[in-house]
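In case you want the letters, here they are:
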Amino acid sequence: QNSELFTLTYGALVSQLLKDYENVDDVNKQLERMGYNIGIRLIEDFLARTSSGRCYDFRDTADKIQMGFRLFLGVTPSITNWSPAGDEFSLHFETNPLTEFVELPDHCLNLKYANVLTGVIRGACEMVQMEVTSWFVQDQLKGDNVTELRIKFIKRLEDAIPAGED
Amino acid sequence: MADEVLFELLHSELVSYVLTNSEKDKKHGDLSTLEYIGFSTGYRIIERLTKDWPRFKDELDTMKFICTDFWSSINKKQIDNLRTNHQGVYVLQDNAFRFLTRLSAGRQYLEMAPKYVAFTCGLIRGALSNLGINSMVTAEVQSMPGCKFHIQVQRV
C-alpha cells in the first residue's frame, strides 16, 4: 500500500526534472544516476533482510532481482527470454509499479520514465562485484501490452589492485 | 518495512539533487523546489488515502486526520502532540521525525535540518490543499530528532 508514496514522489520528481532540463535525454541520465545512488545503498538493506549469500550464477542473480522487486515495490515480475549464453534475461511486468497513475504527454515520447530502475539494478549489482546493464524493451507507457526490462551481464568486477602491488 | 527504505533513499536523492542544482545557479533557498515536490505528492496522495472516508466535519477534524491516519500512513507513527489556538494556527509535534533520527540526537548538524523537513512541509500543505484548506507550513527544529510543523491556515 505504501509504495504509493514512492510512486507519487517519483512522479513529482520526474515532472521537476522535465522543468529543469531542456533535453529529455538529460532527464533520462539524471534518473539513471539517481537510481545508481539508490541501488548502491539499497543492496545493503536487501542483503541484510534476505541473508543472501553470493550468487551461484546469473540465474541466481535473476531470482534475487525478482525478489528485490517484490520486497521493495510489491510487484513480482516474471523472468523470461533467457539468451542462449545465459547472460541476458528479461523481467516482464504486468503492471509497472512506477507508472500506475502516469500518462506521457506528446512532447515526452523519448522519456524513459522508469529509468531509475536501470540505475538501481546497475548500482546494486556493482556492489556485489557485477557489471550489468539494463534497458526497457517494451513500455506500457508507450502503448505496449507489458513492460519488459532486459538485463545483461557484462563482466565480473574484481577488486582493484592497489598501486605498487602485483 | 522494505518500502520505507526505498522511500528514504529516494528522499535523500531529492535533497541532494535540489542542493546540487541550487549551487550551480547560485540560488538561495531552493528548498522551495523540494517543498513543491512535496506539495505535488501530498496533493495526490491524500486522494488515495481519503477515498473511502466521509467528509471531515471541520478544520480541526481534518488536522486530527493529518496527525493520525495521514502521518501513520506516511511515517509509520502518529504525531505526538497537536496544539491549536482555534484561530487557524496548528502546531504538530513529532518527537522522532523519521528524516531527522538519522542526523543526530540534539543540536549537532542542526543546520542541515531544514533540508530534511522541506519535502514534508510541502506534503502537508499539498494534502490540506486538496482537502480545501489553503495554508502555509513551516517547520521548527530545536533539538533533533524532534520537529514541530507549524500550519497557518489562510482564510481568503
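About the criteria used
- Residues numbered from 1 in each chain as written.
- Chains lettered and ligands numbered in written order.
- Predicted model: local features only at pLDDT ≥ 70, side-chain atom pairs only at ≥ 80, totals over all residues.
- Heavy atoms only, no water.
- UniProt positions renumbered as here; feature names shortened; annotations may be inferred.
- Buried < 20%, exposed > 50% of the residue type's maximum accessible area, 1.4 Å probe, protein only.
- Helix = DSSP H or I, 4+ residues; strand = E, 2+ residues; numbered from the N terminus.
- Axes fitted to C-alpha atoms, helices over the stretch in contact; angles between N-to-C directions.
- Parallel < 35°, antiparallel > 145°, perpendicular 65-115°, else oblique.
- Left-handed = near helix turned anticlockwise from the far one by under 90°.
- Contact = heavy atoms within 4.5 Å.
- Nonpolar A, V, L, I, M, F, W, Y, C, P; charged D, E, K, R; others polar.
- Pairing = 2+ DSSP bridges.
- Polar contact = N/O pair within 3.5 Å; in protein donor to acceptor, adjacent residues only side chain to side chain.

Under an unreviewed UniProt entry, chain B has the name Trafficking protein particle complex subunit 6B and belongs to Zootermopsis nevadensis. Under the heading Sequence similarities (unreviewed entry), UniProt records this for chain B: "Belongs to the TRAPP small subunits family. BET3 subfamily."

Labelled according to an unreviewed UniProt entry, chain A appears under the name Trafficking protein particle complex subunit 3, originating from Zootermopsis nevadensis. Heading Sequence similarities (unreviewed entry) of the UniProt record for chain A holds this comment: "Belongs to the TRAPP small subunits family. BET3 subfamily."

A. Quick look at unusual backbone geometry. Cis geometry marks the peptide bond from Met144(B) to Pro145(B); its omega dihedral reads 0°. You will see that Ser51(A), though not glycine, has its phi angle at about 45°, which is positive. Note on Ser51(A): relative accessible area 64%, which makes it exposed. Look at Tyr109(B): it is not a glycine, yet its phi comes out positive at around 65°. If you trace the backbone, Tyr109(B) turns up in the loop between strand S2 (89-94) and helix H4 (113-130).

B. A look at the packing of helix H3 (residues 59-75) of chain B against H4(B). Residue and element names in this part refer to chain B. Across the interface, H3 lies against H4 with an axial gap of 12 Å and an inter-helix angle of 125°. Of the possible angle classes, the one that applies to H3 and H4 is oblique. Taken as a pair, H3 and H4 cross one another with a handedness that is right-handed. Judged by residue contacts, Thr62, Met63, Ile66, Phe70, Trp71 and Ile74 of H3 engage Thr120, Leu123, Ile124, Ala127 and Leu128 from H4. For the contact of H3 with H4, a count of residues per class yields 9 nonpolar, 2 polar and no charged.

C. Expanded view of the sheet that holds strand S4 (residues 147-156) of chain A. All names here are of chain A. Strand order in the open sheet formed by 4 strands is S1-S2-S4-S3, with antiparallel pairing between adjacent strands. Both outer strands of the open sheet, strand S1 (78-80) and strand S3 (130-138), are each paired with one neighbouring strand and no more. Taken over all neighbouring pairs, the strand axes of this sheet differ in orientation by 30° on average, direction set aside. Sheet topology places S3 next to S4; 8 bridges connect them, and they run antiparallel. Within the sheet, the bridge partner assigned to Thr133 lies in S4 and is Lys152. Relative to the sheet, helix H4 (residues 116-127) contacts S3 and S4, its axis offset from that of S3 by approximately 160°.

D. Structural detail: the side chain of Ser90(A). Residues and elements named next belong to chain A. Inspection of the secondary structure puts Ser90 in strand S2 (residues 88-93). Among the polar contacts made by the side chain of Ser90, one reaches the side chain of Glu148 at a distance of 2.6 Å. For Ser90, the side chain forms a polar contact with the side chain of Arg150, separated by 2.7 Å. Apart from residues lying up to four places away in sequence, Ser90 is in contact with Ser78, Ile79, Thr80, Asn81, Glu148, Leu149 and Arg150.

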